[in-house]
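Reading the structure
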Amino acid sequence: MNNVIVYSKNNCMQCKMTKRYLKEHNVPFEERNINQDPEYLSTLKQQGFQSVPVVMNSAMDPIVGFRPDSLKELVD
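Report on the accompanying structure.

About the cut-offs
- Residues numbered from 1 in each chain as written.
- Predicted model: local features only at pLDDT ≥ 70, side-chain atom pairs only at ≥ 80, totals over all residues.
- Heavy atoms only, no water.
- Helix = DSSP H or I, 4+ residues; strand = E, 2+ residues; numbered from the N terminus.
- Expected span 1.5 Å × (residues − 1).
- Buried < 20%, exposed > 50% of the residue type's maximum accessible area, 1.4 Å probe, protein only.
- Arc of directions from axis to C-beta.
- Contact = heavy atoms within 4.5 Å.
- Disulfide = S-S within 2.5 Å.
- Pairing = 2+ DSSP bridges.
- Axes fitted to C-alpha atoms, helices over the stretch in contact; angles between N-to-C directions.

A separate point is helix α1 (residues 13-24). Over its twelve residues, α1 extends 16 Å from the first C-alpha to the last, a length consistent with the 16 Å expected when each residue adds 1.5 Å. Taken together, the buried positions of α1 are occupied by Cys-15, Thr-18, Lys-19, Tyr-21 and Leu-22. Axial view of α1: buried residues confined to an arc of 155°, hence all on one face. Facing away from the buried side of α1 by over 90 degrees, the exposed positions are Met-13, Lys-23 and Glu-24. On the buried face of α1, the contacting elements are β1 (4-8), β2 (30-33), β3 (54-57) and α3 (68-71). Positive backbone phi, at 55°, marks Asn-26, one or two positions downstream of α1.

So this is what it looks like as structure tokens:
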């Protein structure tokens, strides 16, 4: 399994739903919270993203927002 990175922020319902989906489907991920580590916000802005959550995985295009249809591609 490739590394899954979830960029999130505090009090974000879509972020919570995305993380819950991944946990329920046993998809390991690294969370990068833009409130706790503002440098992650700069990284996202440099790549053209304007909202979170952003789910990144080397095997597929980034997923922006809570997208169960796209997240299911990460489930083995």
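There's more to say after this.
What follows concerns the state of the cysteines. In this structure the tally under the stated criterion is one disulfide. Here Cys-12 is linked by a disulfide to Cys-15, with a sulfur-sulfur distance of 2.4 Å. On the sign convention where negative is left-handed, the bridge of Cys-12 and Cys-15, at about 75° about the S-S bond, is right-handed. Here Cys-12 matches Cys-15 in class, with each residue buried.

So, on to the sheet that holds strand β4 (residues 60-64). Taken in spatial order, the four strands make up an open sheet running β2-β1-β3-β4, and their pairing is mixed. For this open sheet the edge positions go to β2 and β4, each flanked by a neighbour on one side alone. Taken pair by pair, the neighbouring strands of this sheet meet at an average axis angle of 20°, ignoring direction. Summarising the sheet, β1 and β2 pair through four bridges and their orientation is parallel.

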